[in-house]
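# Inside the fold
Residue strings, one per chain:
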Amino acid sequence: MTKILVTGGAGYIGSHTVVALLEQGLTPILFDNFSNSQEAVLSRIEKITGVSPQLIEGDIKDGEKLNEVFVEHEFDAVIHFAGLKAVGESVEEPLRYYQNNVYGSLQLFRTMAKHGCFRLVFSSSASVYGEPESVPITEHFPLSAANPYGQTKLMIENILRDLSAADARWQASILRYFNPVGAHKSALIGENPNGIPNNLVPYIAQVAIGKLSRLSVFGGDYDTIDGTGVRDYIHVVDLADAHLKALDALDDGHGCCAYNVGTGEGYSVLEIIAAFERACGAKIPYDIVARRSGDVASSFADPIFSEQKLGWKARFGLNEMMRDHWQWQSANLEGYK
Ligand code: NAD
Ligand code: UFG
């Protein structure tokens, strides 16, 4: 029985990855403080897979609690999703972000080492590329961060590089996600943002169900195909699959290695609106407003290294991403409530 500790396993990407792990016959143990998720996700996971995984309520900042978990279970590896992720909030509350993401990760890595577990898959972000000098972005591009959230990801990446340089037992796959969207095809699990969504697709989805009245498109004067921001949207089920491949890659003995997780295709905000309109069969009213501070014009991945090294490639295209996001949103008007 291969046990995997999944921190943040009740969240959006975590829950989809837990489904993928269960479908592979692995045993995920979820560890989550529910700061941005609900316990109800467990019964949804059970409906999809027929298995109710064990979930431990706890905070990664709590070293004692983590220690108890590692005393009780012997883990083959850890997938570390737990973290706060709202860019704007991180600018307003940097201490909370550094404390939760960086200190919490240190507590986790310390506990792993104490118990002889040195295999990790970490959720990083394309935000570590800052303002890229060109697109597509390869893993060799210079790293920088434009906000405290991005800084926390960069710091944790650096900690992992230092750990694996100091001790060859550390094997870490760092996954740099581009823009996760979509939901499981069952429409039983999906993204459930607290309050008004910050991200484009969840916002559009709430306009489509009438919860929000209009979308603001941030900037119409970028040097892109139609003046709006271009991003690399990746289906969350493809993203979950990348974690299985990243776990396998830990056996290569590569030390610490970073991989882009994107499709390699960039779509503008207006292209996303049009695709969502096709999926939901309704118009999404919008206004083009000023640029959002800190946004880059264009960001999309060069996914070749992930394809070569992980044997991973995105399967789902834009229409499937929007269809599945819409199916989840329209079937769950109030999320998990
Ligand atoms: P999410 O908020 O849905 O999931 C994160 C989970 O971690 C939540 O269930 C939350 O309750 C839990 N958590 C947070 N702090 C914790 C703590 N101190 N102890 C225990 N649990 C804690 O977010 P997500 O979209 O699933 O993102 C997962 C990871 O991927 C995060 O680290 C995020 O920064 C990273 N990431 C997300 C995106 C994105 O756009 N969704 C993009 C790039 C990277
Ligand atoms: N956008 C709008 N209106 C909105 C929201 C977004 O026009 O209401 C635009 C943005 O300006 C941008 C595009 O839609 O051009 C995508 O914006 P998102 O907020 O959905 O995503 P970002 O690319 O800004 O950031 C996301 C996550 C970060 C992560 C990054 C890279 O929020 O945490 O992807 O992975 F770091």
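Scroll up a little and you will see the structure.
The shown structure was predicted, so the numbers you read here are calculated from the model rather than taken from an experiment. (Residues numbered from 1 in each chain as written. Chains lettered and ligands numbered in written order. Predicted model: local features only at pLDDT ≥ 70, side-chain atom pairs only at ≥ 80, totals over all residues. Heavy atoms only, no water.)

### Describing the environment of Ser-125
Inclusion rule: The helix and strand labels rest on DSSP assignments: H or I over at least four residues marks a helix, E over at least two residues marks a strand, and numbering proceeds from the N terminus. Polar contacts, as counted here, are pairs of nitrogen or oxygen atoms within 3.5 Å of one another; within protein the pair requires one atom able to donate a hydrogen and one able to accept it, and residues that are adjacent in sequence qualify only if both atoms are side-chain atoms.
By the secondary structure assignment, Ser-125 is in strand S5 (residues 119-125). Taking the C-alpha atoms as reference points, Ser-125 and Lys-283, 158 residues apart in sequence, are found 31 Å from one another. Polar contacts involving the side chain of Ser-125 include one to the side chain of Ser-127, which spans 2.7 Å.

### Some points on the site of ligand 2
As a reminder, the rule being used: When at least one non-hydrogen atom of a residue lies within 4 Å of a molecule or strand, that residue is treated as near it. Note that accessible areas follow from Shrake-Rupley with a 1.4 Å probe, and for residues the cover is restricted to the protein chains shown. Residues are grouped as follows: nonpolar covers Ala, Val, Leu, Ile, Met, Phe, Trp, Tyr, Cys and Pro; charged covers Asp, Glu, Lys and Arg; every other residue, Gly included, is treated as polar.
If you check the shell around ligand 2, you find 21 residues, and the closest are Ser-125, Phe-178, Asn-199, Arg-231 and Asp-295. A distance of 2.8 Å separates an oxygen atom of ligand 2 from a polar atom in the backbone of Tyr-177. Protein burial of ligand 2: of its 680 Å² of free accessible surface, 89% is covered by the chains. A total of 4 residues in the shell around ligand 2 trace back to one element, the largest contributor, which is strand S8 (residues 215-218). Within the shell around ligand 2, the residues separate by chemical class into 10 nonpolar, 7 polar and 4 charged.

### As for the packing of aromatic side chains
Operational definition: A pair of aromatic rings is counted whenever rings of Phe, Tyr or Trp (Trp by its six-membered ring) have centres within 6.5 Å, and the orientation is called stacked for planes under 30 degrees apart, edge-to-face for over 60 and tilted otherwise. A positively charged side chain is recorded as over a ring if its NZ (Lys) or CZ (Arg) lies within 6 Å of the ring centre. The angle to the ring normal must also be within 35 degrees.
Going through the model one piece at a time under the given rule, you end up with 7 aromatic pairs. Connected via pairs of aromatic rings, a cluster forms that spans Phe-109, Phe-118 and Trp-170. Positioned over the ring face of Tyr-222 is Arg-291, at 4.0 Å from the centre of the ring.

So yeah, pure geometry; function would need other evidence.
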